[in-house]
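The primary structure of each chain is shown beneath.
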Amino acid sequence: MQVSRSLFDLTPIAANVLRILFVCLLVPLVGCATDEAPNADETRAFDEPSRPQFHFSPAKNWMNDPNGMVYHAGEYHLFYQYNPFGEKWGHMSWGHAVSPDLVNWEHLPVALYEEDGVMIFSGSAVVDHQNTSGFGTPDNPPMVAIYTGHEENVRQTQHIAYSTDNGRNWTKYADNPVIDLNMKDFRDPKVFWHDDTDRWIMVVALPREYKVQLYASPDLKAWTFLSDFGPAGSTDGIWECPDLFELPIEGEAGSRWVLEVDIGSGAIAGGSGGQYFVGTFDGTTFTNDNPDDLTLWVDYGADFYAGVSWADIPEADGRRIFLAWMNNWQYAQDIPTSPWRSAQSLPRTLQLRNTPDGLRLTQRAVRELQGLRSDALVADESMRITSEAVIPGAEAELLEFSGTLQLNDATAAGLTIRHGDGDKKTLIGYDAAREVIYVDRTQSGISDFHEDFAAIHEAPLKLADGTLSLHVFVDRSSVEVLADGGLVSITDRIFPEEETHALELWANEGAVDASAVSVWSLNSIYE
Ligand code: FRU
């Protein structure tokens, strides 16, 4: 629907009324009742240039952080920061989608709208199985959303809303806010049920104090302050979107708690990014295992922010799955896509690994993504690479690569993707002398929308026996690199202009032995 932006620059309520009238008058066959979903009322092909083909993106308009991620009754819910009225940030509301498998998404109407000057900022959702809130019944436990109410230039407070029909319709709690510190910056509550202390725990950010606070509640309505954590790690940017969860350690008994905190600027690849702390949580306090001046980065690319994990994944499954906003506040509002802006990353399973440096986060693409594979273009092959080698037949717009590179005495090795005319390409490489893995998007395509976009993003990585394992996903406008079994993650948007899809392996000053190389062409989720 093409309505001028200025129409939507009216107050949201007035704009909504006009929008509904517009639809009623001009689209009588569709009818008014169906226009509750500005993000779902389109029959778009989702086939525009740069449109992600296997990452979640809204049909139209602006999206930022993932919110309210919760599994319930066979559905993964993904809510998200959404502007129903434009392609830039504003009028923040919660968009909504559900998926049976974390891969294919059904777009649903906006769940929570801005109202009375209160925007719906980031937050979480839980299933209140014991009906502690009284919003449902024991037989039909309510879904409760806990979010920040944002009053521009006035204050940020914590609010709740509930649904008794699997998240389809929401009622804001009459006695909101449930926490009010009379502060301008106090946001992004993440809530979970803590079995050991038999109560709800909230972790929430005090962005400008570089702190998170913990609160407890018996019923999601009355909250008691427990403790705070920070400043620690990186304080180069404001702290936002915390998450706190327990993770298993790969190949070992035992577990540890992870506190994830995002910083709005000054992250490892420039602009916004995520950091994490590893430690213990005793039901009241999070204690960092590491010195407070150690910063651990969640992802070394530029486009991975506000990562947050799903609540209520059944114990029989047992995974901790999260995803992040695949964009960067540095240039988020200017990336060259329309009529929508932003995508979410691939969902990833989190674990910890015991490394010589201590416990570190690992991220693996969820196994459900294997369902997108069409025939393998290369199936479990070995090859020796000197200089640059196109892998015959490994050509696909949507592509997954998995393989191991033995560097021998080569000084560098890696993959080239989306190699267009001349130097147009994106490199994924390992520099043996500097012991870093990197994504080089300096020549990746459109980059003139921000001076810092064309850059190389690198992560330290020491190889065991000179062997580099790589798992790479290439969508129409993104690349995600998971190296060394997910110990290093680099997520970058790219905007190639040419339709070239060959995959090349390369080696510098030596021969590299590639083994267990598989390449799949992936199906679009819109097919
Ligand atoms: C992070 C963030 C959150 C806030 C939301 C507003 O990207 O700034 O702190 O709740 O976006 O859209």
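Remember, predicted model here, so these are calculated numbers, not experimental data.

J.: So what's going on with the side chain of Glu240? Residues and values would help.
T.: Its place among the elements puts Glu240 in strand β14 (residues 239-248). On the basis of relative accessibility, which here comes to 12%, the residue Glu240 falls in the buried class. Engagement of the side chain of Glu240 in a polar contact is seen with the side chain of Tyr305, the distance being 2.6 Å.

J.: Could you give an account of the packing of aromatic side chains, naming the residues involved and the relevant values?
T.: Applying the stated criterion across every chain yields a total of 33 aromatic pairs. Arranged with centres 6.4 Å apart and planes meeting at 15°, the rings of Trp105 and Trp310 form a pair that is stacked. With a gap of 205 residues between them, Trp105 in the loop between β3 (93-99) and β4 (106-112) and Trp310 in the loop between β19 (305-309) and β20 (321-325) connect regions that are remote in the sequence. Owing to a relative accessible area of 15%, Trp105 belongs among the buried residues under this scheme. For Trp310, a relative accessible area of 1% gives the class buried. Measuring from centroid to centroid gives 5.8 Å for Phe449 and Phe495, while their planes differ by 80°, and the two rings are edge-to-face. Within this pair, whereas Phe449 is found in the loop between β28 (436-440) and β29 (456-460), its partner Phe495 is found in the loop between β32 (488-493) and β33 (502-522), the two being separated by 46 residues in sequence.

J.: Run through the sheet that holds strand β22 (residues 348-355), naming residues and quoting values.
T.: A sheet is described by the order of its strands in space; here 4 strands give the open sequence β19-β20-β22-β23, paired in antiparallel fashion. Edge positions in the open sheet fall to β19 and β23 (358-365), since each of these has one partner strand only. Within the sheet, the average angular offset between the axes of one strand and its neighbour, ignoring direction, is 40°.

J.: Explain the site of the ligand to me, and be specific about the residues and the numbers.
T.: Among the 13 residues in the neighbourhood of the ligand, the closest are listed as Asp65, Gln81, Arg187, Asp188 and Glu240. One nitrogen or oxygen atom from the main chain of Ser122 is found 3.1 Å from an oxygen atom belonging to the ligand. Contacts to the ligand include Asp188, whose side-chain N or O atom sits 2.6 Å from an oxygen atom. Protein coverage of the free-state accessible area of the ligand, which is 320 Å², stands at 95%. Broken down by secondary-structure element, the contributors of at least two residues to the shell around the ligand are β1 (61-72), β5 (119-127), β10 (187-194) and β14.

J.: Now, about the pattern of salt bridges: what can you tell me, with residues and values included?
T.: On inspection of all chains with the given rule, the structure shows 29 salt bridges. Taking the shortest distance from any N to any O, the salt bridge between Lys88 and Asp334 comes out at 3.5 Å. Separated by 246 residues along the polypeptide, Lys88 in the loop between β2 (75-83) and β3 and Asp334 in the loop between β20 and β21 (340-341) bring together distant segments of the chain. Here the salt bridges share partners, and the residues they tie into one network are Asp185, Arg187, Arg208 and Glu240.

J.: Summarise the pairing of β19; cite the residues concerned and give the values.
T.: Burial analysis of β19 places 5 of its 5 residues in the buried class, the great majority of the element. Alignment of β19 against β20, held across 3 bridges, turns out to be antiparallel. Of the residues in β20, the one forming a bridge with Tyr305 is Trp325.

J.: Can you break down unusual backbone geometry residue by residue, with the values?
T.: Here the residue pair Gly230 and Pro231 is connected by a cis peptide bond, since its omega of 0° sits within 30 degrees of zero. Within the fold, Pro231 resides in the loop between β13 (224-229) and β14. Put simply, Ser338 and Pro339 share a cis peptide bond, and its omega is 10°. Non-glycine residue Asp380 carries a positive phi angle of around 55°. Structurally, Asp380 is set in strand β24 (residues 373-395).

J.: Describe in detail the sheet that holds β10, supporting the description with residues and values.
T.: Spatially, 4 strands are ordered β10-β11-β12-β13 in an open sheet, and the strand pairing comes out antiparallel. Each end of this open sheet is capped by a strand with a single partner; those strands are β10 and β13. This sheet shows a mean twist of 25° between the axes of neighbouring strands, independent of strand direction. Two strands pair when backbone bridges link them, and strand β12 (residues 211-217) and β13 are joined in this way by 5 bridges, in the antiparallel orientation.

J.: I'd like to hear about a negative patch on the surface, residue by residue, with values.
T.: A cluster of like negative charges, contributed by Asp195, Asp196, Asp198, Glu246 and Glu315, occupies part of the molecular surface. Topologically, Asp195 is positioned in the loop between β10 and β11 (199-206). Looking at Asp195, the relative accessible area reads 57%, which means it is exposed.

J.: Please give an account of the side chain of Glu397 that cites residues and values.
T.: Among the secondary structure elements, Glu397 is positioned in the loop between β24 and β25 (399-406). A distance of 2.9 Å separates polar atoms of two side chains, one belonging to Glu397 and the other to Arg476. For Glu397, the contacting residues outside a window of four places in its chain are Val474, Arg476, Glu499 and His501.

J.: Account for the environment of Trp329, with residues named and values stated.
T.: Summarising the element assignment, Trp329 is placed in the loop between β20 and β21. When the C-alpha atoms of Trp329 and Asn288 are compared, they prove to be 28 Å apart, with 41 residues separating the residues in sequence. In contact with Trp329, other than residues within four places in its own chain, are Trp62, Asn64, Trp89, Glu240, Gly264, Ser272 and Tyr305.

What counts and how
- Residues numbered from 1 in each chain as written.
- Predicted model: local features only at pLDDT ≥ 70, side-chain atom pairs only at ≥ 80, totals over all residues.
- Heavy atoms only, no water.
- Helix = DSSP H or I, 4+ residues; strand = E, 2+ residues; numbered from the N terminus.
- Buried < 20%, exposed > 50% of the residue type's maximum accessible area, 1.4 Å probe, protein only.
- Polar contact = N/O pair within 3.5 Å; in protein donor to acceptor, adjacent residues only side chain to side chain.
- Phe/Tyr/Trp six-rings, centres within 6.5 Å; stacked < 30°, edge-to-face > 60°.
- Pairing = 2+ DSSP bridges.
- Axes fitted to C-alpha atoms, helices over the stretch in contact; angles between N-to-C directions.
- Near = heavy atom within 4 Å.
- Areas by Shrake-Rupley, 256 points an atom, 1.4 Å probe, with all protein chains shown as cover.
- Salt bridge = Lys/Arg side-chain N within 4 Å of Asp/Glu carboxyl O.
- Patch = residues over 30% accessible without salt bridge, like charges linked within 9 Å, V, L, I, M, F, W, Y side chains within 5 Å.
- Lys, Arg positive; Asp, Glu negative; His and termini not counted.
- Charge placed at Lys NZ, Arg CZ, Asp CG, Glu CD.
- Contact = heavy atoms within 4.5 Å.

It is worth stressing that arrangement in space is one thing and function is another; only the former is reported here.
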